[in-house]
Amino acid sequence: MKKFMKHPVKIKWPAGRQRIFAIAGLVCLVLAGVLTLLSARIRGGQLSQQMAGRWDSEGNSAHVSCFFSDSAEVVPDTIRAFEYTLRNKLKEASIEASSEHARLWVGAYSAKGRISLSSGLASTEVGAYGVSGDYFMFHPLSLEPGGMYFNSDDTMQDKVILDQNTAWQLYGSYDIAGQPITIGAGPDAHIGIVAGVVENETGFMNEKAGASAGTVYLSYEMLDTYGRHSGINSYEIVMPNPVTGFARTMVEENIGFDEEQIQVVENSRRFSFLNLLAVAGQFGTRSMNSKAIIYPYWENAARGWEDVLAVLLVLQLLLTAFPAVLVLIWLHRRFKARTFHFSDVQNWIADRREAHWARQARKKHNTGL
């Protein structure tokens, strides 16, 4: 036994097995590359999460979203008060617009509810988003030809945008921009105008999140007057972010709600490496939410894609780890099989140094002669 311990058996892999490991490592790298491309494609398709990049290509801004519970009872004055406070806080931090007419930030809010619509040909009650600010900058839905968005600067707040399902149900056509539409029901109904029709967002995650259901987009004031809702439940802002986390902290500290009434998300970082690792670490508990917050469909879809991307990231790391271990083993074996030692290198350097000083000494001696 002692003799055996003094001379341990060295395992030498057959050449065939080495080739198998090399092929397996290459396959893992290819699969990791495929998953990387797939992840990049998924990220690129999340347009509602990319407002910061569209607004500021230099990357000095952040997109932050707030989602409120019903108990928060958020109204337009709540948002206006927050933005007034935010303007003063940014001024105190010496962050101001580059010119008199430049905008320091861009924001939008929305309330989810229901409303009755009629075209004269048919009537229906659909899900509604009462929006204000630059909502369609944050959510660039695809318009059918001839349609146009509306915003808070429009003089008349009576324009509506229908999704394809609702447009077909009411008019039997998508080419209905400019057509009159009755908003609300009963004697107090209002005659509005169809500003355009947007394509229904397709895909497994969007459909599961509710994007394919009949929907109308109209001003918050119109929904508040002619429909029903439980208050503003979403606010989004893109604002200066001179250091990491600055924008989110400013929003959290000044929005004026406790943790049970609000969920704050930094959209511009949600698909980052570290955030996806954190999501993977919350596996099994992430869906547990004690807050009475109902997310809009785009946030539900984004959270679903977060989970998918977190799983893909873990798979990428595992697939990359295997060939990395093989490379380390190969380097270790090459190092053990080397024909030189560091002492040989040190001796060679010492010989070269000694020869150099000998030449310098001879040169100095010859010059002295």
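Here, every reference points to the structure presented above.
Residues numbered from 1 in each chain as written. Predicted model: local features only at pLDDT ≥ 70, side-chain atom pairs only at ≥ 80, totals over all residues. Heavy atoms only, no water.

**Observations concerning the overall build of the chain**
The condition that has to hold: The helix count covers DSSP runs of H or I at least four residues long, the strand count covers runs of E at least two residues long, and both are numbered beginning at the N terminus. Radius of gyration: over C-alpha atoms. The globule rule applied is 2.2 Å multiplied by the number of residues raised to the 0.38 power. Between buried and exposed lies partly exposed: a residue is buried under 20% and exposed over 50% of the maximum accessible area for its type, with that area taken using a 1.4 Å probe on protein chains only. Contacts are residue-level and defined by heavy atoms, with any inter-residue pair within 4.5 Å sufficient. Residue exposure ignores everything except the shown protein chains as possible cover, and the areas themselves are Shrake-Rupley values with a 1.4 Å probe. When charges are tallied, Lys and Arg are placed among the positive residues and Asp and Glu among the negative ones, while His and the ends of the chain are skipped. Where a charge lies is defined by one atom per residue type: Lys uses NZ, Arg uses CZ, Asp uses CG and Glu uses CD.
Counting secondary structure elements, the chain contains twelve helices and ten strands. In summary, the chain has a C-alpha radius of gyration of 32 Å against a globular reference of 21 Å for 369 residues, an excess of more than 25%. Overall, the chain is about 115 × 60 × 40 Å in size when its C-alpha atoms are taken along their principal axes. Within the chain, the proportion of its 369 residues that are buried is 38%. The long-range fraction of contacts in the chain, counting pairs at least 24 apart against all pairs at least 6 apart in sequence, stands at 75%. Approximately 22000 Å² of the chain is accessible, and the part contributed by carbon and sulfur atoms is 58%. With 36 positive and 36 negative side-chain charges, the chain shows a separation of 28 Å between the mean positions of the two kinds.

**Details of the pairing of strand β7 (residues 215-219)**
Filter applied, for reference: In short, DSSP must find at least two bridges between two strands for them to pair.
For β7, the buried fraction is high: five of the five residues fall into the buried class. Bridge count between strand β3 (residues 123-133) and β7: five bridges; the pairing is parallel. Within β7, the position partnered with V131 by the bridge is S219. Where strand β4 (residues 159-163) meets β7, three bridges bridge the pair, whose relative direction is antiparallel. Bridged to L162 within β7 is V216.

**Let's talk about the side chain of S39**
Tracing the backbone through its elements, the reader meets S39 in helix α2 (residues 15-44). Owing to a relative accessible area of 2%, S39 belongs among the buried residues under this scheme.

**Structural notes on unusual backbone geometry**
With a phi close to 50°, E73 is a non-glycine residue in the positive phi region. Despite not being glycine, S94 has its phi angle at roughly 60°, a positive value. Relative to the helices and strands, S94 is located in the loop between α4 (76-92) and β2 (106-118).

**What to know about the pattern of salt bridges**
To keep things clear, this is the line we draw: When a carboxyl oxygen of Asp or Glu lies within 4 Å of a side-chain nitrogen of Lys or Arg, that pair is called a salt bridge.
Inspection of every chain in the model, using the stated rule, returns seven salt bridges. In this structure, R103 and D134 form a salt bridge, with 2.5 Å as the shortest nitrogen-oxygen distance. Taken together, the residues R103 in the loop between α4 and β2 and D134 in the loop between β3 and α5 (135-138) connect sequence positions 31 residues apart. Its relative accessible area of 15% is what places D134 among the buried residues. R270 is paired through a salt bridge with E306; the nearest N and O atoms lie 3.1 Å apart.

**Side note on the packing of helix α10 (residues 273-281) against helix α11 (residues 297-336)**
What counts is decided by this rule: Note on geometry: axes are C-alpha line fits, over the in-contact stretch for helices, and angles between N-to-C directions span 0 to 180 degrees. Orientation categories follow fixed angle ranges, with anything under 35 degrees roughly parallel, anything over 145 roughly antiparallel, 65 to 115 roughly perpendicular, and all other angles oblique. Polar here means any residue other than Ala, Val, Leu, Ile, Met, Phe, Trp, Tyr, Cys and Pro, which are nonpolar, and Asp, Glu, Lys and Arg, which are charged; Gly is therefore polar.
Axis separation between α10 and α11 bottoms out at 8 Å; the angle between their running directions is 100°. As the angle between them shows, α10 and α11 are arranged roughly perpendicular. Here F273, N275, L276, L277, V279 and A280 of α10 lie close against α11, whose contacting residues are E306, D307, L309, A310, L313, V314 and L317. Here the residues of the contact of α10 with α11 sort into ten nonpolar, one polar and two charged.

**Examining the environment of L143**
Within the element layout of this structure, L143 appears in the loop between α5 and β4. Accessibility expressed as a relative area gives 24% for L143, which makes it partly exposed. It is 5.7 Å that separates the C-alpha atoms of L143 and V197, two residues lying 54 residues apart in sequence. Here L143 is in contact with M148, Y149, G196, V197 and V198, once residues within four sequence places are set aside.

**Here we look at helix α6 (residues 164-171)**
Operational definition: Arc, as used here, means the arc of the directions from the helix axis to the C-beta atoms.
Looking only at α6, the buried set comprises Q164, T166, A167, L170 and Y171. Buried positions in α6, seen along its axis, are confined to an arc of 165° and lie on one side of it. At its buried positions, α6 is contacted by β2, β3, β4, β5 (180-183), β6 (190-198) and β7. One or two residues past the end of α6 sits G172, with phi positive at roughly 70°.

**Some details on the pairing of strand β10 (residues 262-266)**
β10 sits mainly inside the fold: four of its five residues count as buried. With five bridges joining them, strand β1 (residues 61-68) and β10 adopt antiparallel strand pairing. Opposite C66, over in β10, you have V264 as the bridge partner.

**Thoughts on a nonpolar patch on the surface**
Defined as follows: To count toward a patch, a residue needs a relative accessible area above 30% and no salt bridge. Like charges then connect within 9 Å, nonpolar side chains (Val, Leu, Ile, Met, Phe, Trp, Tyr) within 5 Å.
On the surface, F273, L274, L277 and L317 cluster together into a nonpolar patch covering about 380 Å² of accessible area. For the nonpolar patch, the leading source of residues is α10, giving three residues. Mapped onto the secondary structure, L317 falls in helix α11.

**Examining the side chain of T166**
Quick reminder of the rule: Whenever a nitrogen or oxygen atom comes within 3.5 Å of another N or O atom, the pair is scored as a polar contact, on the condition that within protein one atom can donate a hydrogen and the other can accept it, and that pairs from neighbouring residues in sequence are kept only if both atoms are in side chains.
Turning to its location among the elements, T166 is positioned in helix α6. Relative accessible area serves as the criterion here: at 0%, T166 is assigned to the buried category. Here T215 takes part through its backbone nitrogen, which lies 3.2 Å from a polar atom of the side chain of T166. If we skip the residues at most four places from it in the chain, T166 touches L117, V126, G214 and T215.

In short, the description is geometric, and any link to function would need to be established separately.
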